[in-house]
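The lines below spell out each chain.
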Amino acid sequence: MCGIVAYIGNRQAYPILIKGLHRLEYRGYDSAGVALIEEEDINIYKTKGKVADLEHYAESKNTQGTIGIAHTRWATHGEPNDVNAHPHYSENDSLAIIHNGIIENYALLKQALEAEGYTFKSDTDTEVLVQLIEYIKETNRCQLFEAVQSALKQVVGAYAIAVIEKGNKNEIIAARKSSPMVIGIGDDEYFIASDVTPIIEYTDKVVYLNDEEIVQIRRHEPLKIVNFQNEETKVDVQKLNMNITQLEKGGYDHFMLKEINEQPRTIVDCIRGRINQSATDVKLSGVIDHKEKFLNARRIIIIACGTSWHAGLIGKHMIEEFCQIPVCVEYASEFRYSHPVINSDDVVIAISQSGETADTLAAVELAKSKGAFIYGICNVIGSSIPRATHSGTYIHVGPEIGVASTKAFTGQVTVLCMLAMAIAKEKNSIDHQRYLSVLKSLYSLPNLLQEVLKLDSQIKNMSLIFTYAHNFLYLGRGYNYPLALEGALKLKEISYIHAEGYPAAEMKHGPIALIDNEMPTVVIATNDSVYEKTISNIQEIKARGGKVIALVTKGDQIVSSMADYSLEIPPVDECLAPVVSSIPLQLFAYYIAINKGRDVDQPRNLAKSVTVE
Ligand code: G6P
């Protein structure tokens, strides 16, 4: 979702901004633009489409300047076109702005500005904000910083903004509320961005802006950050520990394929230092430090969106089975508006790869305001959700660039399993032999993932047979039901084929009506406690002429003889089977999308990090 890059320093800004926009492409967007100050004027170039289209458009233009702001837009207000793309000029072209987020009261503000004679070129809420800043600046005859500060006091909504001013090459004003923003500190230069990816190759010193903070970024001067009450806040410089190679494709055709293949290593990183080498103990400092909260929890509420929500469903099974604590799993977007009953002895677990999903962040704030203890399971270090929670565990799978989440999902389930084990051990609610067996499985996950990745060419070939199906059903039971949802989501996201995930036994209450020889069903039928029941469900499909692709445990004869195609998964403790079985489902979706010529890393209409409601 929308991306911001800005630069002020001694180098030419344009190449840095364009490179930064490319780095932000993974977030999902539909137009791009850049504004540069050269001599006295602000030059804006923007266009619908990709960053490459912007580069092409700006080829013959003046792209000089050592200060500039740039943006990739994911349309909310107004269709994706050249005019609605950012940056936006103010009425007199004296200011330019880029903005992530939504100004909720933009219609009222627009009306008031129109009454003052302001006109609008675009349909965006962003243009309203830049006009308001200009109006305040001119009527109050104040500096840009004060004008931004005063305008933001009138704004309801979420934003990360950067503003520059005609004739002022020395200053960028930036601010945030509920939308991420980070400032990189280089050698007499500053980089501003919505996440660290455009910054990382220039500096490892960053400052994360907090909510309701405004920063004055002036050439050759230290940063000045104030909050909305105009109190100066401490500039907290942090060191990034991520490198540029983590952001490259590493020889793979797509980030998604790279990220699928990285999983044996990312799981090593995820469990490192948490499970001892003899796989007899698990330690999560986030749990140890707040042991009483988990031991006394009357209930655990998991909040998340998308793939993270699916991981949460698996976490529910684990925590209920091993810790005997009731767990409910809520979509963050529903939770926040459902008048949730939250008690101070509830533990809320927020799961988010990006750590920036607006609904999850808002749900965290809501639960926090009701006194619940909040535990985060996130990937992006220093992002908003980990900073808003009381404690948590990073999944440590490295940057995930492909829009469709893959390695984050397996990292989330792995952390949830370690969390369940850590609580269960403290609560004494798990049989010791089972505890040891789950830890052993956790420890062996990287090897199992390596093994299951060998299915790649079998899946690639099989995908050719199914590329032109219009609908798919994914079935699973118990621990594998959430995986059925996740498998279907992967296919939808990147191939645009309609796919539905269902609990296998529920099929007969509706979806069975859809079964015929044109509707393939993917059944996760690995050898677990509901294996026999799943066999009955496969028979029901076969009896109606349906085609079955089955995921079976290595050596399985029964399901393999019934299914049209089967993929063999190495045996693993049933609670961790979704981690291993997710890989063939990810590869299947990937190859179908490739066969259909889809843009797998940046599927249409989707965003990697959904920072608006
Ligand atoms: C978007 C992404 C999904 C992701 C969801 C939640 O929809 O496209 O892949 O699962 O957001 O994101 P989060 O960062 O909170 O896990």
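Each chain carries its own residue numbering, running from 1 in the direction its sequence is written. Local features in this predicted model are restricted to residues of pLDDT 70 or higher, and side-chain atom pairs are both shown and tallied only at a pLDDT of 80 or more, whereas totals for entire chains, interfaces and linings draw on every residue. Side-chain numbers come from the whole structure's heavy atoms, not from hydrogens or water.

1. What to know about the environment of lysine 407
Moving on, step 1. Counting through the fold element by element, lysine 407 comes out in helix α14 (residues 407-427).
Moving on, step 2. Looking at lysine 407, the relative accessible area reads 2%, which means it is buried.
Moving on, step 3. In sequence terms lysine 407 and glycine 184 are 223 residues apart; their C-alpha atoms lie 27 Å from each other.
Moving on, step 4. The criterion used for residue contact is that any of the two residues' heavy atoms lie within 4.5 Å. Dropping the residues within four chain positions of it, lysine 407 is found in contact with Glu259, Glu262, Gln263, Thr266, Val397, Gly398, Pro399 and Glu400.
Moving on, step 5. Under this definition, polar contacts are N or O atom pairs within 3.5 Å; protein pairs additionally need one hydrogen-donor-capable and one acceptor-capable atom, and for neighbouring residues in sequence, both atoms have to be side-chain atoms. Of the polar contacts made by the side chain of lysine 407, one reaches the backbone oxygen of valine 397; its length is 2.9 Å. Strands are runs of DSSP state E lasting at least 2 residues, helices are runs of H or I lasting at least 4, and numbering of each runs from the N terminus. Throughout this description, buried means an accessible area under 20% of the type-specific maximum (1.4 Å probe, protein chains only), exposed means over 50%, and partly exposed covers the range between.

2. Concerning the nonpolar core
Moving on, step 1. Met318, Phe322, Ile349, Leu419, Phe472, Tyr474 and Phe588 are the most contacted members of the largest nonpolar core, which totals 97 residues.
Moving on, step 2. With 13 residues, the top contributor of residues to this core is α14.
Moving on, step 3. Each of domain 2 (250-430) and domain 3 (455-595) contributes no fewer than three residues to this core.
Moving on, step 4. Apart from residues lying up to four places away in sequence, leucine 419 is in contact with Leu284, Val287, Phe294, Ile349, Tyr375 and Ile377. Throughout, nonpolar core names a set of buried Ala, Val, Leu, Ile, Met, Phe, Trp, Tyr and Cys residues whose side chains join them through atoms within 4.5 Å. Reported domain spans reflect what an automatic or database domain assignment gives.

3. Observations concerning the site of the ligand
Moving on, step 1. Put simply, a residue is near a molecule or strand once any heavy atom of it comes within 4 Å of that molecule or strand. By nearness alone, 14 residues border the ligand, and Ser308, Ser352, Gln353, Ser354 and Thr357 come closest of all.
Moving on, step 2. Take serine 308: an N or O atom from its side chain is 2.5 Å from an oxygen atom of the ligand.
Moving on, step 3. Interatomic distance of 2.7 Å between a backbone N/O atom of glutamine 353 and an oxygen atom of the ligand.
Moving on, step 4. Accessible surface area values rest on a Shrake-Rupley calculation with a 1.4 Å probe, where residue burial reflects the displayed protein chains alone. Burial of the ligand by the surrounding chains reaches 90%, relative to a free accessible area of 390 Å².

4. Things to note about the sheet that holds strand β18 (residues 373-378)
Two pairing modes exist for strands in a sheet, parallel and antiparallel, and in both the strands are linked by backbone hydrogen bonds.
Moving on, step 1. Spatially, five strands are ordered β16-β15-β17-β18-β19 in an open sheet, and the strand pairing comes out parallel. What marks the edges here is a single partner per strand, and that holds for β16 (327-331) and β19 (391-394). The average undirected angle you get between the axes of adjacent strands in this sheet is 20°.
Moving on, step 2. Strand pairing is defined by DSSP finding a minimum of two bridges between the two strands. When strand β17 (residues 346-352) meets β18, the two strands line up parallel, connected through six bridges. To get an axis, fit a line to the C-alpha atoms, keeping to the stretch in contact for a helix; angles then go from 0 to 180 degrees between the N-to-C directions.

5. Details of the sheet that holds strand β6 (residues 95-103)
Moving on, step 1. Strand order across the open sheet formed by six strands is β5-β6-β7-β8-β12-β13, with antiparallel pairing between neighbours. Looking at which strands have only one partner, the edges of the open sheet turn out to be β5 (88-89) and β13 (224-227).
Moving on, step 2. By the bridge criterion, five bridges tie strand β7 (residues 157-165) to strand β8 (residues 168-177) in an arrangement that is antiparallel. Across the sheet, residue glutamate 165 finds its bridge partner in β8, namely asparagine 168.
Moving on, step 3. Its contacts with the sheet put helix α5 (residues 144-153) on β6, β7, β8, β12 (213-218) and β13, and the angle it makes with β7 is roughly 160°.

By themselves these figures say nothing about function.
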